[in-house]
Structures are given as C-alpha cells and as structure tokens.
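Spelled out, the chains give:
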Amino acid sequence: MDFGVQVNVYRTSWEDIRASVETMEAGDWDSVWFADHFIPPGANREQEAMTAFEGLAAIAVVGGMTKKLRLGNLVLGNTYRNPALVAKIAGTIDTATEGRFTLAIGAGWYKREHEAYGWTFPSMKERQDRFEEACELLRLLIRSDEPVDFHGTYYDIDSARLSPGSYDKPIPIMVGGTGPKRTLRTLARYGDVMNLDGWAGRGMALDYYKYKAGILEKHCEDAGRDPAEIRRTLLMPCYLTEDKNLIERVVKGLGPGTVAGPRQYIVDRIGEFQDAGIAEIMFGGVGGIERLKQYEEEIISAFR
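Only a predicted model underlies this, so the values are computations on that prediction, with no experimental measurement involved. (Residues numbered from 1 in each chain as written. Predicted model: local features only at pLDDT ≥ 70, side-chain atom pairs only at ≥ 80, totals over all residues. Heavy atoms only, no water.)

### A closer look at the overall build of the chain
Spelled out, the test is: Secondary structure follows DSSP: runs of H or I at least 4 residues long count as helices, runs of E at least 2 residues long count as strands, and numbering of each begins at the N terminus. A radius of gyration in this sense is built from C-alpha atoms; the matching globule rule multiplies 2.2 Å by the number of residues raised to 0.38. When accessible area is computed with a 1.4 Å probe and restricted to protein chains, residues below 20% of their type maximum are described as buried, those above 50% as exposed, and intermediate ones as partly exposed. Surface accessibility follows the Shrake-Rupley procedure with a 1.4 Å probe radius. Residue values consider only the protein chains on display as shielding.
Helix and strand content of the chain: 10 helices and 12 strands. For 304 residues, the compact-globule estimate of 2.2 N^0.38 gives 19 Å, and the C-alpha radius of gyration of the chain, at 19 Å, lies within 12% of that figure. Dimensions of the chain along its principal axes, counting C-alpha atoms only, are 55 × 45 × 40 Å. Looking at the 304 residues of the chain, the share that counts as buried comes to 52%. If you sum the accessible surface of the chain, you get close to 13700 Å²; carbon and sulfur atoms cover 49% of it.

This is the structure in structure tokens:
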C-alpha cells in the first residue's frame, strides 16, 4: 500500500509547506497532495485575507523540489479553469516531473470563492454536466497522439494537441467525489482513480467504501469497463491519539468510522482497507515535521 499526505496550503507559510515536503521526500512517503481553493474553506469575510496558495502552481513548484514523491491535488475544481487549459498544465507538470502527476478533479462546490473572483457558479446539475463533459475532454486529450476536435455543450476545442503530453503512461485522471448517480458514472466512463473523501462528513467506515465501490462496479458494467482498471484510494482524516475526548469529538464531527485512536487501532483499520483493495491512503490532518515522522515510524512502517 502507498501512503501520502494532503499537506495544508491554507493559513500557513510556504516555509512550513516546504519543510513538510522535504520531510516526506527524505522519508518513506509515496505522494504529496494539495487542495485547490482560492479562499480557505469555511473562512468568514475577515478571514478571507488569510493565505490560500493556488493549487496547481503550488504542486508544480513542489514537483521541482522533489524526485520521488508523486504529486496531485485533492481535488481541482472544474469551474475554476477551462479543462483544455488544465490538460495543458497537467502535461507540462507530468513531463517536467517524469510521470509523477495525477490529474485529480471535481465538479466544484464552494460558492463564495466563485463570487469573490467573479466566476459563474452554476446549479448543481449544470456543474455535474460540465464536469462530466470536462472529464470526457480531458481523457481524449491525454490519450490521443493526434489533434483532438471536441464540440460539447460547454466546451469546444478545434484540432488541439496536448504537447507536451504524458511523460510515459497516460496521466491518470482521478474523479473527485462519490455521488452515486453522476460522479461514479463519470468515473466509470472517463476516470482512472477513485478517491473516497473522509472530510465529506460521511465517515470512513469500511462498509461505506464497499457500498460506493459496488455502485462504481455497476456503472463500469454499464460502460463496458473493467472495474479493476480503476485504482482505489482514500483521503483519510487520521488522528493518532489516546485522548478519548478528542476521539469522540472528531468521530461526531466527521462521521462514523472516522479513523481516530491509538497506533494499533489505526494499523488494524488500514489493514482492513488494504484487504478490501485500497491501493493508497492520503492522510489528512497530519501537520508538522514531528507528526509526519511519527506517522511514518508508527503507522507506515507496519505496512513495509
């Protein structure tokens, strides 16, 4: 199993981000991930001035700082950028980092940042429609050696070629979200990586993952796709602690199955997911050099 961290890029300094990345690069970690918001989620109007590093630029800089860590965003918002531009940026990052980039993207949800930056915030249905069309366009561009024509409802390209494109293998597309009707269908049709997000308020119960995986497999059957082609990953808020009050608070806040407890409990929970076919866990809520080293020594070492 691979292990990564969603390193915080809000209300922080670049020096702290750099220190975390350097610690991971020197350690036994496999990947680093940044979020993608232009205002820290949950900020009130006074807090909107707090730091929020732009996701793609930040991950590109980190690509130049590292040699082994795989890179990506959890996840890019489709409504922020034209998908053909996203493909172009992805090809540049993947080529420069010798195949270490994952293009992870979702439909977009944070209304306030759209208002702040003057972007249209469509209805949920339109955002899902745009997202599915964007994923189709991205897959065509990434996997074609020839110029691509695409004329959709929302996006059009005319003989566009992705150059530079993927470094060697096609850049994997992670479809963010696990909505049963639309998002998992989009993943089955156009994606390469599934990610269950433990910050979404539904918890991190094994049965919940299996339920979502079953829906994905049905969509794959409908799409004529082998579900084994889709890599399974988790964004896992994780609290290594014996503080019962803290455990109770985070489980109440994040949902049933939230991974919070002493070392052996966490190792056992991760082992269950590994047995269920999860290929990678991206920890969330793990901040600072000392905590990164602690998780490496106490958790990751159990799986090496």
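### Quick notes on the packing of aromatic side chains
How we decide: Two aromatic rings, drawn from Phe, Tyr or Trp (for Trp, its six-membered ring), form a pair once their centres lie within 6.5 Å of each other, and the interplanar angle then sorts them: stacked below 30 degrees, edge-to-face above 60, tilted otherwise.
According to the stated counting rule, one finds 11 aromatic pairs in the structure shown. Where F38 meets Y80, the ring centres are 5.0 Å apart and the plane angle is 80 degrees; that geometry is what we call edge-to-face. Here F38 is found in the loop between β2 (31-34) and α2 (55-65), whereas its partner Y80 is found in the loop between β4 (76-77) and α3 (83-96), with 42 residues between them in sequence. Accessibility assignment for this pair places F38 and Y80 in one class, buried. Through a chain of ring-to-ring contacts, the aromatic side chains of F3, W29, F283, Y295 and F303 assemble into a single cluster.

### As for the state of the cysteines
To keep it simple, the criterion reads: Criterion for a disulfide: a pair of cysteine sulfur atoms at a distance within 2.5 Å.
Under the counting rule described, the total for this entry stands at 0 disulfides. C220 forms no disulfide, and the closest cysteine sulfur to it belongs to C135, at a distance of 14 Å.

### Considering the side chain of T23
Where we set the bar: Whether two residues touch is decided by their heavy atoms; if any such pair falls within 4.5 Å, the residues are in contact.
The residue T23 is located in helix α1 (residues 14-26) in this model. On the basis of relative accessible area, T23 is assigned to the buried category, the value being 13%. If we ignore the near neighbours within four places in the chain, the residues touching T23 are I289, L292 and K293.

### Topic: α3
For clarity, the threshold we go by: In this analysis, the expected span of each helix is defined as 1.5 Å times one less than the number of residues it contains. Definition of a polar contact: a pair of N or O atoms within 3.5 Å, with one able to donate and the other able to accept a hydrogen when the atoms are protein atoms, and with sequence-neighbouring residues admitted only if both atoms are side-chain atoms.
End to end, α3 covers 20 Å across 14 residues, agreeing with the expected 20 Å (1.5 Å per residue, within 8%). All buried positions along α3 are accounted for by P83, V86, A87, A90, G91, I93 and D94. Of the surrounding elements, those touching the buried residues of α3 are α2, β4, β5 (101-106) and α5 (124-143). One side-chain oxygen of the residue at the start of α3 lies 2.7 Å from the amide nitrogen of A84, identifying that residue as N82. Positioned one or two residues after α3, E98 has a phi angle of 55 degrees, which is positive.

### Topic: the side chain of R232
Mapped onto the secondary structure, R232 falls in strand β10 (residues 231-240). On the accessibility criterion, R232 (10% relative accessible area) is buried. One polar contact links the side chain of R232 to the main-chain carbonyl oxygen of P227, over a distance of 3.2 Å. In this view, R232 contacts M194, Y209, A213, L216, E217, P227, G277, I278, A279 and E280; residues no more than four positions away in its chain are not counted.

### Notes on the packing of α5 against helix α6 (residues 183-190)
Rules: Orientation is described by lines fitted to C-alpha atoms, with helices fitted over the stretch in contact, and by angles between N-to-C directions that extend from 0 to 180 degrees. Angles are sorted into four bins: roughly parallel if under 35 degrees, roughly antiparallel if over 145, roughly perpendicular if 65 to 115, and oblique for all others. Side-chain classes follow a simple rule in which Ala, Val, Leu, Ile, Met, Phe, Trp, Tyr, Cys and Pro form the nonpolar group, Asp, Glu, Lys and Arg form the charged group, and the remainder, Gly included, forms the polar group.
Between α5 and α6, the shortest axis-to-axis distance is 10 Å and the interhelical angle comes to 10 degrees. By the angle class used here, α5 and α6 are roughly parallel. For the pair α5 and α6, contact is made by Q128, F131, E132, C135, E136 and R139 and by T183, R185, T186, R189 and Y190, respectively. Split into classes, the residues belonging to the contact of α5 with α6 amount to 3 nonpolar, 3 polar and 5 charged.

### Structural notes on the nonpolar core
As a reminder, the rule being used: Nonpolar cores were defined as sets of buried Ala, Val, Leu, Ile, Met, Phe, Trp, Tyr and Cys residues, with membership established by side-chain atoms within 4.5 Å.
Formed by 77 residues in total, the largest nonpolar core has its most connected members in W29, F34, L103, M236, I270 and F283. Other than its neighbours up to four places away in sequence, L103 contacts L76, V86, A90, L138, I142, I171, P172, I173 and M174. Core analysis: the second largest hydrophobic core is formed by 7 residues, W33, A104, V193 and L235 among them.

### Let's talk about the pattern of salt bridges
Threshold: Salt bridges are defined as contacts in which a side-chain nitrogen from Lys or Arg sits within 4 Å of a carboxyl oxygen from Asp or Glu.
Tallying each qualifying case throughout the model produces 24 salt bridges. When salt bridges with common partners are traced through the structure, they connect K125, D129, E132, R182, R185 and R189 into a single cluster.

### Quick notes on the layout of surface pockets
Heads up, the rule is: Grid spacing is 1 Å over the protein atoms alone, the probe is 1.4 Å, and a cavity is where that probe fits but cannot get out, while a pocket is an open set with protein on both sides within 12 Å along at least five of seven lines and lining residues have an atom within 4 Å of a point. Grid points are joined across faces, edges and corners, and a volume is the space filled by probe spheres set on the points.
Taken as a whole, the largest pocket holds about 1300 Å³ of empty space. With 4 residues, the single largest contributor to the lining of the largest pocket is α5. Counted by class, the lining of the largest pocket contains 20 nonpolar, 15 polar and 7 charged residues. Quantified by volume, the second largest pocket comes out at close to 380 Å³. Around the second largest pocket, the lining comprises 21 residues; the ones closest to its centre are F101, T102, K169, P170 and P172. Secondary structure elements with two or more residues in the lining of the second largest pocket: β5, β10 and β12 (280-284). When the residues that make up the lining of the second largest pocket are grouped by side-chain class, the tally is 8 nonpolar, 3 polar and 10 charged.

Function-wise, these values are silent; they only describe arrangement.
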